[in-house]
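# Structural overview
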Amino acid sequence: MTGVALVTGGNRGIGLATAQALGSAGFTSVVGSRAGVAVGALPAVTLDVTSTASVDTAFEQVEAEHGPVDVLVANAGITRDGLIMRMPDADITDVLETNLVGAIRCARRASRGMIRARRGRIIFVSSVVWALGSAGQVNYAAAKAGLVGAARSLARELGPRGVTVNVVAPGFVDTDMTAVLGQERTDEILRQVPLARLAQPAEIARVIAFLASDDAAYITGAVIPVDG
Ligand code: NDP
């Protein structure tokens, strides 16, 4: 599979590593980001996953400049951690809106061209907490678990049209998202990780690139843990 790949939240962290890996694999790899600024040699498009208008405009721009999107990596995500008793409504809705609704919104728009082309790959970036749960992350774990239900349903809807839909569930990755956690929390998490270290973003990106490749043609509705 070659063609056009679009990575949401592709400007930093796991998203950037993924956009780079897909570029190296031969895709025209487009960074979707709220700033819309090109990253190195990678073309960019302005894309805020919380806005249907922004998603539509971004896809139209990619289609006009590069062609239909063959691979969507729905990677954009935020955390708003806190214990449930003190979690404001906005922290619940913002996390669901970005991590879950945003991914579904992008998949819906991507599916249009993929169904027409009778080929495509949709990859959701979930998290190990989708299955394990995480104290202080009720909002985030719910969103990440929701992605699995969405992907497995999409796999059934879109499989007959030649489109695969899969989930990558990373563990603890060395990015801005985890840099804010502090040493004590980091050590606590690492005690649960058999490999006893954080992942580098490229280690997640390579698995996503595999799911976009021809070698993964018969994988759909799968959840691939990359959690050490
Ligand atoms: P970062 O915080 O480094 O990057 C998050 C990315 O998401 C940024 O590019 C950010 O854009 C983008 N983003 C946030 N909100 C929106 C939005 N509304 N529209 C478009 N883009 C948005 O996080 P990571 O690279 O660590 O995480 C990437 C994904 O991996 C997330 O879904 C995260 O939940 C998941 N993940 C991360 C793990 C980790 O340990 N780091 C573990 C498991 C899963 P901007 O620069 O504009 O803020």
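Preceding this paragraph is the structure being described.
Rules used throughout
Residues numbered from 1 in each chain as written. Predicted model: local features only at pLDDT ≥ 70, side-chain atom pairs only at ≥ 80, totals over all residues. Heavy atoms only, no water. Near = heavy atom within 4 Å. Polar contact = N/O pair within 3.5 Å; in protein donor to acceptor, adjacent residues only side chain to side chain. Areas by Shrake-Rupley, 256 points an atom, 1.4 Å probe, with all protein chains shown as cover. Helix = DSSP H or I, 4+ residues; strand = E, 2+ residues; numbered from the N terminus. Salt bridge = Lys/Arg side-chain N within 4 Å of Asp/Glu carboxyl O. Buried < 20%, exposed > 50% of the residue type's maximum accessible area, 1.4 Å probe, protein only. Contact = heavy atoms within 4.5 Å. Axes fitted to C-alpha atoms, helices over the stretch in contact; angles between N-to-C directions. Parallel < 35°, antiparallel > 145°, perpendicular 65-115°, else oblique. Left-handed = near helix turned anticlockwise from the far one by under 90°. Pairing = 2+ DSSP bridges. Right-handed = clockwise from strand over helix to strand, strands pointing away.

### Structural notes on the site of the ligand
As a matter of local geometry, the ligand sits amid 28 residues, with N11, R34, N75, Y140 and T175 nearest to it. At 2.8 Å from an oxygen atom of the ligand is found a side-chain nitrogen or oxygen belonging to R12. Taking G77, its main chain carries an N or O atom lying 3.4 Å from an oxygen atom of the ligand. In isolation the ligand exposes 890 Å². Once the protein is present, 93% of that is buried. Contributions of two or more residues to the shell around the ligand are made by α1 (13-24), α5 (138-158) and α6 (176-179). Looking at the shell around the ligand element by element, the count peaks at three residues for α6.

### Focus: the pattern of salt bridges
For the coordinates displayed, the defined rule picks out seven salt bridges. One salt bridge in this structure joins E188 and R185, with 2.9 Å as the shortest N-O distance. Of this pair, E188 and R185 both sit in helix α7 (residues 183-190), three residues apart, which is roughly one turn of that helix. For R185, a relative accessible area of 31% puts it in the partly exposed group. Here the salt bridges share partners, and the residues they tie into one network are D56, E63 and R109.

### Things to note about the environment of S33
Assignment of secondary structure puts S33 in strand β2 (residues 28-33). The sequence separation of S33 and A110 amounts to 77 residues, and the corresponding C-alpha distance is 16 Å.

### Considerations on the side chain of R109
With respect to the element layout, R109 can be found in helix α3 (residues 89-117). The buried category is assigned to R109, whose relative accessible area is 6%. Excluding residues that lie within four positions of it along the chain, R109 makes contacts with V55, D56, F59, E60 and E63.

### Structural notes on the packing of α1 against helix α8 (residues 201-212)
Closest axis-to-axis distance for the α1/α8 pair is 8 Å, and the angle between their directions is 50 degrees. If you check the angle between α1 and α8, you find them oblique. Where α1 crosses over α8, the two elements pack in a sense that is right-handed. Contact residues: α1 offers G13, I14, A17, T18, A21 and L22, while α8 offers P201, A202, I204, A205, I208, A209 and A212.

### Here we look at the pairing of β2
The element β2 is largely enclosed, with a buried count of five among its six residues. In this sheet, β2 lies alongside strand β1 (residues 4-8) in parallel orientation, the contact comprising five bridges. The residue bridging L6 from the neighbouring strand is V30, located in β2. Read from β1 through α1 to β2, the crossover connection turns out right-handed.

### Description of the pairing of strand β5 (residues 120-125)
Counting buried positions along β5 gives six out of six residues, so the element sits mostly inside the fold. Residues G120, I122 and F124 of β5 are buried on one face, and the alternating residues R121, I123 and V125, pointing to the opposite face, are buried as well. As defined by bridge partners, β5 adjoins strand β6 (residues 163-170) across six bridges and the pair is classed as parallel. Residue pairing across strands places R121 opposite T164, the latter belonging to β6.

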